[in-house]
Amino acid sequence: MRFTHDPQHGRVVFGAAAARESLTAEVDRLGGQRVLLVTTPRGEALARELTAPLGARLVATFTGAREHVPVEAARAARALAGRERADLVLSIGGGSTTGTAKAVALTTALPVLAVPTTYAGSEVTPVWGMTDGQRKTTGTDPAVLPAAVVYDPDLLAGLPEHLAVASGMNAMAHSVEALWAPGGDPVTDALAQRSIAALADGLRALSAPGGAAPADAQRSRAAAREDLLLGAWLAGTVLATAGSGLHHKICHVLGGAYGLPHAPMHAAVLPHVLAWNAPAAPRAAAAIARALDADGAGDATTALAALAREVGAPAALQDLGLEEADLEEATDLVLDVLPPGNPRPTGRDDVAALLRAAWAGPPASAGPRLGAGGREGQGAT
């Protein structure tokens with residue numbers, strides 16, 4: 001056994017009411033005297049409530065964060081940071097908000113304090129992404145890794161269930177792919193499995209039918225949010241260290257080129273990438289199956305498909321706005337960014353079949369039926 005474990009994460013403060021109780025202290029710890037708040041119109045009211053104790057130290061608010069971080073939004077946020085001489089970027093919102101704060105940090109080296117309100121996980125990675133026209137570019141830079149993250153499950157109480165489900169499945173994609181990513185090691189494997197189990201538990205509890213007493217139901221949902229947020233944090237952590245692969249490349253292409261909603265897109269694509277790679281990564285597939293299925297009766301792809309159906313996760317790219325006529329172009333775009341470390345060799349016919357299956361839905365069954373170009377093999381996990 002030989003590996004190098006290089007963790008990529010900042011400080012984490014986790015717990016109910018943490019945003020209201022700890023945010024000012026974290027700003028103080030980072031020396032923030034001129035704070036730029038990054039959020040969205042939808043999240044602005046909550047963000048202003050949480051930052052009210054900062055008073056005059058909150059020198060500017062940028063509400064133009066948008067999905068897939070268009071370069072125009074990044075430039076506007078950077079310009080505002082420069083005009084106001086900001087010394088700290090405070091992100092309160094989902095992955096798009098965190099991504100915009102990272103775009104500011106990429107060129108200014110300003111520290112970022114992130115307060116996530118979805119289960120994105122990007123707040124603990126050094127990965128940035130921006131979209132110019134129809135092309136999304138991603139990269140890794142330690143300058144964009146948030147210096148601290150405040151995780152508060154209470155902030156997600158108002159997240160609509162369909163968004164919570166999509167966001168939780170997005171987080172699960174990070175951990176599933178980390179189990180066969182080239183940078184994985186025993187530490188990331190263990191965290192990924194814990195993440196998958198926590199996310200699955202949280203999604204099931206969140207989507208469980210009613211019938212419990214109101215107080216019990218409220219406690220159950222609070223526990224579900226804790227599980228989901230814990231799973232998302234661990235998922236982002238393993239993504240930062242182990243890296244990503246075919247699934248994330250596909251989603252970056254589709255999101256940048258066709259503007260598909262980020263989290264639902266991940267939820268729809270993940271079962272198909274797992275079905276394709278599982279035969280070539282048996283150890284990873286077995287670990288995923290154990291984390292998803294406490295009884296150990298099913299294979300990984302079956303277990304994930306069952307979970308997706310149970311919680312009502314998005315299942316078809318055609319329902320998210322991808323046109324059938326775009327599939328050929330999307331195949332070519334994915335081929336341009338195919339990762340070298342995928343456990344199963346993947347050619348054009350395979351990508352085309354995978355995208356068509358994800359476009360049509362429902363999730364693929366287990367096995368190598370998605371194309372003829374791959375071959376069975378023992379994948380590293």
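Residues numbered from 1 in each chain as written. Predicted model: local features only at pLDDT ≥ 70, side-chain atom pairs only at ≥ 80, totals over all residues. Heavy atoms only, no water.

On to the overall build of the protein chain. Regarding its fold elements, the protein chain presents 13 helices and eight strands. The globule rule puts the C-alpha radius of gyration for 381 residues at 21 Å, and the 20 Å found for the protein chain is close to it. Considering only C-alpha atoms, the protein chain reaches an extent of 60 × 50 × 45 Å along its principal axes. Within the protein chain, the fraction of its 381 residues that count as buried is 54%. Pairs at least 24 residues apart make up 78% of the contacts formed inside the protein chain by residues separated by at least 6 positions. Accessible area of the protein chain: about 15,000 Å², with a carbon and sulfur share of 52%. Across the protein chain, the mean location of the 30 positive side-chain charges is 4 Å away from that of the 38 negative side-chain charges. (Helix = DSSP H or I, 4+ residues; strand = E, 2+ residues; numbered from the N terminus. Rg over C-alpha atoms; globule rule 2.2 N^0.38 Å. Buried < 20%, exposed > 50% of the residue type's maximum accessible area, 1.4 Å probe, protein only. Contact = heavy atoms within 4.5 Å. Areas by Shrake-Rupley, 256 points an atom, 1.4 Å probe, with all protein chains shown as cover. Lys, Arg positive; Asp, Glu negative; His and termini not counted. Charge placed at Lys NZ, Arg CZ, Asp CG, Glu CD.)

Okay, the pairing of strand E4 (residues 88-93) next. For a regular strand, the rule is simple: side chains alternate between the two faces of the sheet. Most of E4 sits inside the fold, with six of its six residues counted as buried. Burial along E4 is two-sided: Leu88, Leu90 and Ile92 facing one way and Val89, Ser91 and Gly93 facing the other are all buried. Strand direction decides the pairing type here: strand E2 (residues 35-38) and E4, joined by four bridges, are parallel. Pairing of Val38 across the sheet is with Ser91, part of E4. Alignment of E4 against strand E5 (residues 112-116), held across five bridges, turns out to be parallel. By the bridge assignment for E5, Val89 is matched with Val112. Regarding topology, helix H4 (residues 95-108) serves as the crossover connection from E4 to the parallel E5, and that connection is right-handed. (Pairing = 2+ DSSP bridges. Right-handed = clockwise from strand over helix to strand, strands pointing away.)

As for its position among the elements, Arg225 is in helix H7 (residues 214-242). The buried charged residue Arg225 lacks any salt bridge, with Asp154 as its nearest oppositely charged partner at 4.8 Å. Leaving out residues up to four positions away in the same chain, Arg225 has contacts with Tyr119, Pro153, Leu156 and Ala157. (Salt bridge = Lys/Arg side-chain N within 4 Å of Asp/Glu carboxyl O.)

With parallel pairing, six strands are arranged side by side in an open sheet as E1-E8-E5-E4-E2-E3. Each having just a single partner strand, strand E1 (11-14) and strand E3 (58-62) make up the two edges of the open sheet. Adjacent strand axes in the sheet meet at a mean angle of 15°, parallel and antiparallel pairs treated alike. Of the strands in this sheet, E2 and E3 touch helix H3 (residues 71-83), which is tilted by about 170° from E3. (Axes fitted to C-alpha atoms, helices over the stretch in contact; angles between N-to-C directions.)

For the pair H3 and H4, the least separation of the axes is 9 Å and the interaxial angle reads 60°. As summarised for this structure, H3 and H4 are arranged oblique, according to the angle between their axes. The hand of the H3/H4 crossing is right-handed. Listed contacts from H4 to Ala74, Ala77, Arg78 and Ala81 of H3 are Thr100, Ala103, Val104, Leu106 and Thr107. Residues that form the contact of H3 with H4 fall into these classes: six nonpolar, two polar and one charged. (Parallel < 35°, antiparallel > 145°, perpendicular 65-115°, else oblique. Left-handed = near helix turned anticlockwise from the far one by under 90°. Nonpolar A, V, L, I, M, F, W, Y, C, P; charged D, E, K, R; others polar.)

The biggest cluster of nonpolar side chains holds 75 residues, and the ones touching the most others in it are Met172, Ile250, Leu254, Ile288, Leu292 and Leu317. Setting aside its immediate chain neighbours within four residues, Met172 contacts Ile196, Leu199, Ala200, Leu203, Leu270, Leu292, Leu304 and Leu307. In this structure, Ala18, Ala19, Leu58 and Leu90 belong to the second largest nonpolar core, which totals 19 residues. (Core = buried A, V, L, I, M, F, W, Y, C linked by side-chain atoms within 4.5 Å.)

Moving on, we get to the packing of aromatic side chains. For the structure shown, the criterion picks out three aromatic pairs. When the ring of Phe14 is compared with that of Tyr151, the centres are 5.9 Å apart and the planes differ by 45°; the resulting orientation is tilted. Of the two residues, Phe14 is situated in strand E1 and Tyr151 in strand E8 (residues 148-151); the sequence distance between them amounts to 137 residues. Classification of Phe14 by relative accessible area gives partly exposed; the value is 34%. Tyr151 sits in the buried class, given a relative accessible area of 0%. The ring of Trp276 has Arg344 sitting right over it, with the charged end atom 3.6 Å from the ring centre. (Phe/Tyr/Trp six-rings, centres within 6.5 Å; stacked < 30°, edge-to-face > 60°. Lys NZ or Arg CZ within 6 Å of the ring centre and 35° of its normal.)

Considered as a void within the structure, the second largest pocket measures approximately 210 Å³ in volume. Residue lining of the second largest pocket: Gln134, Arg135, Lys136, Thr138, Lys249, His252, Val253, Ala257, Leu333, Asp336 and Val337, and that is the complete set. Among the elements of the structure, strand E7 (135-140) and helix H8 (246-258) are those that each provide at least two residues to the lining of the second largest pocket. With four residues, the single largest contributor to the lining of the second largest pocket is H8. A per-class count over the lining of the second largest pocket returns four nonpolar, three polar and four charged. (1 Å grid on protein atoms, 1.4 Å probe; cavity = no way out; pocket = protein on both sides within 12 Å on 5 of 7 lines; lining within 4 Å. Points joined across faces, edges and corners; volume = space filled by probe spheres on them.)

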